[in-house]
Every structure is written in structure tokens, then in C-alpha cells.
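Breakdown of the fold
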Amino acid sequence: MPDEPLGCAKPTGAVIGETAASENDYSKNIKEGVKSMIMAKVGGKAPDFQAPAYQKGKFINVKLSDYMGKWVLVCFYPGDFTFVWPTELSAVAGKYDELQKLGVDVLSISTDSTFVHKMWVENELSKMTKNGIPWPMVADGAGNLGKVYGVYDETNGVNIRGRFLIDPDGVIQAMEVM
């Protein structure tokens with residue numbers, strides 16, 4: 001997906017491993033206020049999504065279904081430059097090599113933009129972690145991903161803390177929302 005232009009985060013309208021809804025269907029549902037019927041739950045297929053992200057100095061696109069065949073830990077959090085999240089993400093970064101040995105990839109998602117993620121990595125997280133944050137930091141500016149995963153706080157306009165462990169078949173095996 002590197003040749004595609006970066007855009008807004010959006011659910012594809014399908015669960016991982018299934019054909020996505022067409023762009024016209026997605027846009028029509030958004031305009032009509034139709035909420036996605038696909039919601040994250042343990043034992044169910046993870047809602048697929050595509051979104052812009054920042055990773056290792058580059059702006060990229062991420063699609064959850066591209067991780068089929070691998071374990072994925074998806075970490076939602078409220079925002080960059082907060083007083084708790086640097087320690088939590090740096091703790092995951094400290095265990096990243098162990099997670100990789102177990103075959104687990106990581107995605108972190110907040111409502112901050114890819115540009116804010118870049119500044120946070122360069123100005124704060126790089127001082128707290130040996131090798132920085134090696135995984136894609138996904139931008140969910142409108143909270144569209146947080147909504148289908150049940151972690152979006154409408155009142156404050158942020159994703160709350162939530163972690164989802166997705167198996168190689170795209171099934172959510174564990175989740176925690178705080």
C-alpha cells in the first residue's frame with residue numbers, strides 16, 4: 001500500500017478476511033448516519049480498517065487485513081503527549097523483541113494525526129526507549145476506528161484505553177477496555 005495516498009482512518013465495513021464494502025456504500029452509510037453493525041467482541045472477527053500511520057520516520061498506510069496470518073496486538077490510547085502513555089508505550093516497546101519472537105505485531109491507535117505521532121516519537125519517546133517505537137502508530141482523527149472497537153469517547157473526542165489481541169485468523173482472542 002505504499003503508493004496509495006494517505007487518507008482518513010476508516011473501517012472497511014467488513015471483518016478481517018472478508019470483502020470490504022465499496023467506497024460508495026461506506027460513504028452512503030456515513031452520510032445517512034448508519035452505524036456499522038460490525039463491533040469488536042471476543043470470539044468474533046476483528047473489524048477491518050485502513051488508516052494512515054507513522055512508523056520509523058515514514059508516513060504509511062496500514063490495513064489490518066494485511067496482518068492476516070499473524071498475531072496482532074492493537075492498542076488504543078487517548079493521545080500523544082499525555083502523562084501516562086509515554087510510559088505505557090515505552091513498556092510495550094521494551095517487550096517488542098519478545099513479542100516479535102512470539103510472532104506478535106503491534107499497532108497503536110489514537111485520535112492524534114500522523115504528524116503529532118512523528119513529533120511525539122522524535123521529541124519524547126525517543127528519549128524513553130532504546131530503539132524508539134518500531135510499530136505503526138495509527139491516526140484515527142475522527143474516532144472511526146475507536147467507534148467500531150467500542151473505545152471512542154464521544155464527549156471528549158478521544159479513544160479510551162483498549163487492547164485487542166487478534167489471532168492469525170483475524171479472531172479477537174482477548175480484549176480489555178478501560
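You'll find the structure just up there.
Residues numbered from 1 in each chain as written. Predicted model: local features only at pLDDT ≥ 70, side-chain atom pairs only at ≥ 80, totals over all residues. Heavy atoms only, no water.

**A short note on the environment of G143**
With respect to the element layout, G143 can be found in the loop between β6 (137-139) and α5 (144-148). Separated by 15 residues in the primary sequence, G143 and V158 place their C-alpha atoms 6.8 Å from one another. With residues near it in sequence (within four places) discarded, G143 still touches T111, Y152 and N159. (Helix = DSSP H or I, 4+ residues; strand = E, 2+ residues; numbered from the N terminus. Contact = heavy atoms within 4.5 Å.)

**Focus: unusual backbone geometry**
Phi at K56 is positive, roughly 50 degrees, even though this residue is not glycine. Looking at where K56 falls in the secondary structure, it is placed in the loop between β2 (47-55) and β3 (58-63). Owing to a relative accessible area of 62%, K56 belongs among the exposed residues under this scheme. (Buried < 20%, exposed > 50% of the residue type's maximum accessible area, 1.4 Å probe, protein only.)

**Observations concerning the pairing of β3**
By the bridge criterion, six bridges tie β2 to β3 in an arrangement that is antiparallel. Of the residues in β3, the one forming a bridge with Y54 is F59. In this structure, the hairpin formed by β2 and β3 is closed by a connection of two residues, where K56 is found at a positive phi of approximately 50 degrees. (Pairing = 2+ DSSP bridges.)

**Details of the pairing of strand β4 (residues 71-76)**
Across the six residues of β4, five count as buried, placing the element largely inside the fold. The sheet contact formed by β4 and strand β9 (residues 162-166) spans five bridges and is antiparallel. Residue pairing across strands places L73 opposite L165, the latter belonging to β9.

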